[in-house]
Amino acid sequence: SAHEWQAPTATDSRGPCPGLNTLANHGFLPRNGKNITVDMVMDAIHDGFNFDKGTLILRVAAKLGLLTTDEIDNYMLEDLALHGTLEHDASLSRSDIFPDGSGDNLHFNETVFSTLANSNPGSDVYNITSAAATLDQRLALDMIEHPDLTNTIKEFFVRAIESSFYLSAMGDPIKGVAKKELVQIFFREERLPIAEGWVRSPVLITNEILGNLTGRIQELSNWTSGPGCPWIRLQP
Ligand code: HEM
Ligand code: MG
């Protein structure tokens, strides 16, 4: 069908977001990952995952993507790896890019992902408690390799939102509970795990639902701010 999973080809653009990559792999976004507009992103996250098109958190993210390119009204998925606009340190599934340009902040990294993958031992689900603990653990591990990483309130907020995204898109958005198997396929294969029993959320995932999950994840975390002021990179 039009929305079957297909692996990207060598010339297709993919980026640091497992959500948008998955939507491109299923044809909810252009499979080449290019010339993506804000409207296309809002339609795709609704059609693929049942996120409310009016969700301001997601609308702002989709609009911030435009700052990662010199184009006026569209971007490629790889553009989103521009460090400091949306892309940040201490990700769940990608390494950091260092000030000298070394490091890969774009491609899935199994070593990085193992913190999330192995979280909440003894259970077959992830939840807001494990998501908060995972954010803290990833930050602590990352600081060993990258002591100068950027960790202000901005990064903390974005990281908590992203955790609400995988819990709600792969699981029950009200409870914030998602099966480990489905979350792992989503990150590792950037595939909707339909064959494994995933269904698109029957509940419209609204700003209120995401805000609630994000707030609870932040409360359950032991985060403290690193040095520096929140900053948004405005252009490549
Ligand atoms: C991470 C962009 C929507 C799930 C990211 C990152 C970017 C991004 C640039 C990399 C941040 C980093 O880890 O350094 C966007 C834009 C969106 C969007 C522009 C437009 C609305 C979504 C949706 C989902 C999603 C709908 C879920 C279905 C995630 C997750 C991460 C992430 C789980 C964290 C990855 C990690 O920490 O390794 N997103 N995203 N995103 N995104 Fe998206
Ligand atoms: Mg990152």
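This text follows the structure it describes.
What counts and what doesn't
Residues numbered from 1 in each chain as written. Chains lettered and ligands numbered in written order. Predicted model: local features only at pLDDT ≥ 70, side-chain atom pairs only at ≥ 80, totals over all residues. Heavy atoms only, no water. Helix = DSSP H or I, 4+ residues; strand = E, 2+ residues; numbered from the N terminus. Rg over C-alpha atoms; globule rule 2.2 N^0.38 Å. Buried < 20%, exposed > 50% of the residue type's maximum accessible area, 1.4 Å probe, protein only. Contact = heavy atoms within 4.5 Å. Near = heavy atom within 4 Å. Polar contact = N/O pair within 3.5 Å; in protein donor to acceptor, adjacent residues only side chain to side chain. Donors = N, O, S within 2.8 Å, 3.2 Å for Na, K, Ca; no water. Axes fitted to C-alpha atoms, helices over the stretch in contact; angles between N-to-C directions. Parallel < 35°, antiparallel > 145°, perpendicular 65-115°, else oblique. Nonpolar A, V, L, I, M, F, W, Y, C, P; charged D, E, K, R; others polar. Expected span 1.5 Å × (residues − 1). Core = buried A, V, L, I, M, F, W, Y, C linked by side-chain atoms within 4.5 Å.

Draft legend 1. Representation of the overall build of the chain within the structure. Helices and strands together make up the secondary structure of the chain, namely eight helices and two strands. Put simply, the chain runs from its N terminus to its C terminus through helices and strands in the order α-α-α-α-β-α-α-β-α-α. Computed over the C-alpha atoms, the radius of gyration of the chain is 17 Å, within 12% of the 18 Å expected from 2.2 N^0.38 for a compact globule of 236 residues. Each principal axis of the C-alpha distribution contributes one length, and for the chain these read about 45 × 45 × 30 Å. In the chain, buried positions account for 48% of the 236 residues. Of all intrachain contacts in the chain linking residues separated by at least 6 positions in sequence, the fraction that spans at least 24 positions is 65%.

Draft legend 2. Geometry of the site of ligand 1. Neighbouring ligand 1 are 24 residues, the closest being Cys17, His88, Ser91, Leu92 and Ser93. Between ligand 1 and Leu92, the relevant distance is 2.7 Å, taken from an oxygen atom to a main-chain nitrogen or oxygen of the residue. Ser93 has a polar side-chain atom sitting 2.6 Å from an oxygen atom of ligand 1. For the shell around ligand 1, the secondary-structure elements that each account for two or more residues are helix 1 (18–25), helix 2 (38–49), helix 3 (56–64) and helix 6 (153–170).

Draft legend 3. The arrangement of the coordination of the magnesium ion (ligand 2) in detail. Every protein donor of the magnesium ion (ligand 2) is listed here as Glu87 (OE), His88 (O) and Ser91 (OG), and their distances to the metal cover 2.0 to 2.2 Å. Along the chain, the residues that donate to the magnesium ion (ligand 2) are spaced as E-H-x2-S. Here His88 matches Ser91 in class, with each residue buried.

Draft legend 4. Structural context of the packing of helix 3 against helix 8 (residues 207–220). In the contact formed by helix 3 and helix 8, the axes pass within 8 Å of each other and the chain directions differ by 90 degrees. When the interaxial angle is binned, helix 3 and helix 8 end up roughly perpendicular. For the pair formed by helix 3 and helix 8, the contact residues are Leu56, Ile57 and Leu58 on the first element and Asn207, Leu210 and Gly211 on the second. Taken together, the residues that form the contact of helix 3 with helix 8 break down as four nonpolar, two polar and no charged.

Draft legend 5. Region of the structure containing the coordination of the iron atom of ligand 1. You will see that the iron atom of ligand 1 has only one donor from the protein, Cys17 (SG), lying 2.3 Å away. Considering the arrangement of structural elements, one finds Cys17 in the segment before helix 1.

Draft legend 6. Representation of helix 8. Across its 14 residues, helix 8 extends 20 Å between first and last C-alpha, which sits within 8% of the 20 Å expected from 1.5 Å per residue. Residues of helix 8 that are buried make contact with helix 3, helix 5 (128–145) and helix 6.

Draft legend 7. Geometry of the nonpolar core. Phe49, Tyr166 and Met170 are the most contacted members of the largest nonpolar core, which has 45 residues in total. For this core, the elements supplying multiple residues, two or more each, are helix 1, helix 2, helix 3, helix 4 (110–117), helix 5, helix 6, helix 7 (180–189) and helix 8. Those residues in contact with Tyr166 that sit more than four places away from it in its chain are Leu92, Leu116, Tyr126, Ala131, Gly171, Ala178, Val183, Phe186 and Phe187. Counting five residues, the second largest nonpolar core, distinct from the first, contains Ala90, Leu139, Leu149 and Phe156.

Everything listed is a geometric property; what it means functionally is a separate question.
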